[in-house]
Amino acid sequence: MTYRVALIGTGNMGKVHAQQWSAVSGAELVAVEACTYEESGPIAKMYNCEAFAFDEFDDLIRKTSPDIVDICVPTPSHRQYVERAAAAGKAIFCEKPLARTMPDCDAIVAAVERNNVPFMAGHVVRFFPEYARAKALVDGGAVGKPAAIRVARMAAMPTLDTEDNWYRDPDRSGGVVLDMIIHDFDWLRFAFGPVTRVYAKGLYGKPEYRGSMDYALVTLRFESGAVAHVTGSWAHPGGFQTTIEIAGDGGIIEHNSNTSAPLTVALKATGNRVGVAVPESPTIAEENPYFCELQAFVNALKAGTTPPVTVYDAYEATKIALAVLESIETSKVVTL
Amino acid sequence: MTLKIGILSFAHMHAYSYALALKANPGAVITGIADPDPERGQKMAAEFGTTYYATDAELLAEGLDGVVICSENVRHRAAVEASVAAGVKAILCEKPLATTVEDARAMVDLCAAKGVKLATAFPCRYSPPFLRLKEQVQSGAIGKVVSIRGTNHGTMPGGWFTDKALSGGGAVIDHTVHVADLNRWLLGAEATDVYAEIGNGFYHQDWDDTGFLTIGYEGGVFATLDTSWSRPSSYPTWGDVTLQVVGTEGVIDLDMFAQNVVVYDERAGKAAWHNWGSGTDAGLVADFLRLVSGEDVPNLATGEDGLQALAVAVAAYKSADAGQAVAV
């Protein structure tokens, strides 16, 4: 069968997902909902499906009968769409973070359990080839027993082509900690097991930086005894960069997205174009991590197996991120 | 006038490069090397063309202008006290200044009371890449500094460095003080609070080989520092000093020892980074000799600077014991 997909949200992730759904085998995009037709219309036209606006979710379900609801709306709205999609019995793909608050996370887990619907969260970093390779190497014993891990994710404050840039509002996005380095928290949990406590300092909650920049330095302790440091930056003007360092009692793994980029395009400054060098790291389409996560979801639905990133995984990652925000606000260690 | 300088112990291998810098400096002569280990002391005395003394007291009796102390951490205080009693003008003490803040305070106070200049060996203050970073930050190029992410990774040094009775700890006491000093010098602010996760996951011994510190500063700047001895023998170099300084208008990344040529030598069986960056010990030693001569040397770290950096390391151990952030 071909799974019918309804995409909710056409922001940064919604656009990426729309494109990838057209590549996923066994699925087709049948509906796109956004706040307005101005936003959903062009995407629907591009992928030859039906456009909906806020709040036509019930119409969308009735008219297009989707099998999968793909939720790419701003974080605080995840709960209401998960609850409605679950009540309608749909399989749900939900972007990270699971929700803005733990009560919302609890409600999402309850809705998924009560309706017994398939669910997968968009913790896409697990599907990035360098992170997948690093984990496989660790699992294969390349560093012995992991002891000290450092990961970093550094970017400029995210842009959005709509007027309302909700990323800049930490009350909605949770800033760089909940919106961006939750990727690292999920991957670290996935690779190194449960986290027992967190301590962090950052700009979250400091009014003078609100909306203009965010930066956080986080320390995690694992049940295994290992320690990890996570850098999260929305203060880097120089482009997106990630780094990984995993040191153990038998070796060390390092990765840096800048130095591993096989292609750097440097263009002369002309007119209003600034002369900058942009590193690129192309892969074949089948290894695009956004494609891989959506294909993995569809494959799990077909096979009747549990999708690879569960609602409980997303719950735990959000719990770590919110504990980090609590630590930043209180200057206290937060035990999980 | 040629300054008479004595070296008290080669227990810390940095003594070797300080001796090279002293030897190369026309303003000084190495009067002698005292070392309780006769084999090591005699070998070094022969190498640097100077006299070996079995005890500090015998060398100090030669009427020295200044001493360089490179004994085990816990022995720094006694060496400083003996040097002050012998009437030296200035002392350069290897880092960490001591193993307890009480010892460090006693050393600083004694030198102040007797008019002896006490300096702490923080060669990173003489790193041209760091000095360029400092110049950029102080010019306001990145606006107001909000955070500094630091690392001072290393290879496990072995020997007395892992004998807590002599070293005072493991990776945390060994590798906190350099970056703690750089941060403090850069910001002109004192550390107020420290949280630390400490571990022994690399060597599984009763000393720490892993240290992840989070440091708060007066004025609200925050920092982290990874002090871990996490570099295996297969790694292409001994370790690193890195700083990511984040400001309201930009970011500066420093990798102090990035000026390398990469060597793939079949005989070694691994890649190696050969650093061609400017050395820092010549500048440190030259400033120390100026201090001995009575000149003002604003870049040279004082005993108080050494004490404040040590206080961060001591607070890190306290924090790890308490399981919470502690005041410095």
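What counts as what
Residues numbered from 1 in each chain as written. Chains lettered and ligands numbered in written order. Predicted model: local features only at pLDDT ≥ 70, side-chain atom pairs only at ≥ 80, totals over all residues. Helix = DSSP H or I, 4+ residues; strand = E, 2+ residues; numbered from the N terminus. Rg over C-alpha atoms; globule rule 2.2 N^0.38 Å. Buried ≥ 20, exposed ≤ 12 C-beta atoms within 10 Å, placed from the backbone. Contact = placed C-beta atoms within 7 Å. Axes fitted to C-alpha atoms, helices over the stretch in contact; angles between N-to-C directions. Parallel < 35°, antiparallel > 145°, perpendicular 65-115°, else oblique. Nonpolar A, V, L, I, M, F, W, Y, C, P; charged D, E, K, R; others polar. Pairing = 2+ DSSP bridges. Domains from an automatic or database assignment. Core = buried A, V, L, I, M, F, W, Y, C linked by C-beta atoms within 7 Å. Expected span 1.5 Å × (residues − 1). pLDDT = per-residue confidence, 0-100. Right-handed = clockwise from strand over helix to strand, strands pointing away.

A. Representation of the overall build of chain A in the model. Regarding its fold elements, chain A presents 11 helices and 15 strands. Relative to its length of 336 residues, chain A is compact, with a C-alpha radius of gyration of 20 Å against a globular reference of 20 Å. Taken along its principal axes, the extent of the C-alpha atoms in chain A is 55 × 55 × 45 Å. Taking all 336 residues of chain A together, the buried fraction comes to 49%. Taking all contacts inside chain A whose residues are at least 6 apart in sequence as the whole, residues at least 24 apart take part in 67%.

B. Layout of the packing of helix α5 (residues 101-114) of chain B against helix α11 (residues 303-322) of chain B. Residue and element names in this part refer to chain B. Put simply, α5 and α11 touch, their axes get as near as 9 Å, and they point 175 degrees apart. On the basis of the axis angle, α5 is roughly antiparallel to α11. Residue-level contacts link V101, A104, R105, M107, V108 and C111 of α5 to G303, E304, G306, L307, L310, A311 and V314 of α11. The residue makeup of the contact of α5 with α11, split by class, is nine nonpolar, two polar and two charged.

C. Just the sheet that holds strand β12 (residues 250-255) of chain B, in detail. Residue and element names in this part refer to chain B. Here we have seven strands laid out as an open sheet, ordered β12-β11-β7-β10-β9-β8-β15, and mixed in their pairing. The open sheet has two edge strands, β12 and β15 (326-327), and neither has a second partner. Sheet strands touched by helix α6 (residues 128-138): β7 (145-151), β11 (242-247) and β12. Its angle to β12, the strand with the most contacts, is close to 165 degrees. Sitting on the sheet, α11 touches β8 (191-199), β9 (210-217) and β15, and the angle it makes with β8 is about 60 degrees.

D. A look at the domain arrangement of chain A. Residues and elements named next belong to chain A. Entries for chain A in the domain assignment read domain 1 (3-124) and domain 2 (125-284 + 311-335). For domain 1 and domain 2, the distance between their C-alpha centroids amounts to 25 Å. Every contact between the two is made by 19 residues of domain 1 and, on the other side, 23 residues of domain 2. Ranked by the residues each element gives to the side of domain 1 that touches domain 2, the list is headed by helix α5 (residues 102-115), at five residues. The class makeup of the residues in the side of domain 1 that touches domain 2 is 13 nonpolar, four polar and two charged.

E. Fine view of the nonpolar core. If you look at the biggest cluster of nonpolar residues, it comprises 211 residues, and the most contacted ones within it are V32, A216 and V324 of chain A together with I91, V194 and V312 of chain B. The leading source of residues in this core is α11 of chain B, at 11 residues. What A216 of chain A contacts, discounting residues up to four positions off in sequence, is V176, V177, I181, A200, G202, Y204, G232, V324 and I328 of chain A.

F. How the structure looks around the domain arrangement of chain B. Residue and element names in this part refer to chain B. Per the domain assignment, the segments of chain B are domain 1 (3-121) and domain 2 (125-279 + 310-327). The interface is formed by 12 residues belonging to domain 1 together with 11 residues belonging to domain 2. The residue inventory of the side of domain 1 that touches domain 2, partitioned by class, reads seven nonpolar, three polar and two charged.

G. View of the interface of chain B and chain A. If you look at the interface, chain B gives 27 residues, while chain A gives 28 residues. Elements that contribute at least two residues to the side of chain B that touches chain A include exactly β7, β8, β9, β10 (222-226) and β12 of chain B.

H. Molecular detail of helix α11 (residues 311-330) of chain A. Residue and element names in this part refer to chain A. The end-to-end C-alpha distance of α11, which contains 20 residues, comes to 28 Å, matching closely the 28 Å that a straight helix rising 1.5 Å per residue would cover. Counting buried positions along α11 gives 14 out of 20 residues, so the element sits mostly inside the fold. Downstream of α11 by a residue or two, S331 has a phi angle that is positive, lying close to 60 degrees.

I. Broad picture of the sheet that holds strand β6 (residues 117-121) of chain B. Residues and elements named next belong to chain B. The strand order across the open sheet formed by six strands is β3-β2-β1-β4-β5-β6, and the pairing between neighbours is parallel. Every other strand in the sheet has two partners, leaving β3 (51-53) and β6 as the edge strands with one partner each. Mean inter-strand twist for the sheet, computed between neighbouring axes without regard to direction, equals 25 degrees. As paired strands, strand β2 (residues 28-34) and β3 are joined by three bridges and run parallel to one another. Paired with I33 across the bridge in β3 is Y52. Across the sheet, helix α1 (residues 14-24) touches β1 (3-8), β2, β4 (66-69), β5 (90-94) and β6, and the angle it forms with β2 is around 150 degrees.

J. Fine view of the pairing of β10 of chain B. Residues and elements named next belong to chain B. Most of β10 sits inside the fold, with five of its five residues counted as buried. Residue alternation in β10 divides its side chains into two sets, F222, T224 and D226 and A223 and L225, and both sets are buried. Judged from the five bridges that link them, β7 and β10 form a sheet pairing that is parallel. Within β10, the residue paired with R149 across the bridge is T224. In the sheet, β9 pairs with β10 via five bridges, with the strands oriented antiparallel.

K. Up close: the confidence of the model for chain B. Averaged over every residue, the pLDDT of chain B is 97; residues scoring 70 or more account for 100%. Per the prediction output, this complex has pTM 0.95; the corresponding ipTM is 0.94.

L. Quick look at the pairing of β4 of chain B. Residues and elements named next belong to chain B. Taking every second residue as pointing to the same face, both faces of β4 are buried, with G66 and V68 on one and V67 and I69 on the other. Strand direction decides the pairing type here: β1 and β4, joined by four bridges, are parallel. Its bridge partner lying in β4, I7 is registered against V68. Across four bridges, β4 lies against β5 in parallel orientation. In the strand pairing of β5, I69 is matched with C93. In this fold, the crossover linking β4 to β5 by way of helix α4 (residues 76-86) has right-handed handedness.

M. Unusual backbone geometry, seen in detail. Cis geometry marks the peptide bond from F54 of chain A to D55 of chain A, where omega comes out at -5 degrees. Here D55 of chain A shows up in the loop between β3 (50-53) and α3 (57-64). Note that the residue after K96 of chain A, namely P97 of chain A, is joined by a cis bond; omega there is -15 degrees. Structurally, P97 of chain A can be placed in the loop between β5 (91-95) and α5. Positioned with a positive phi, S9 of chain B is a non-glycine residue whose angle comes to about 85 degrees. In this structure, S9 of chain B sits in the loop between β1 and α1. The class of S9 of chain B is buried, set by 24 C-beta atoms lying within 10 Å. In this structure, H204 of chain B is a non-glycine residue whose phi angle is positive, near 55 degrees. When you line up the elements, H204 of chain B lands in the loop between β8 and β9.

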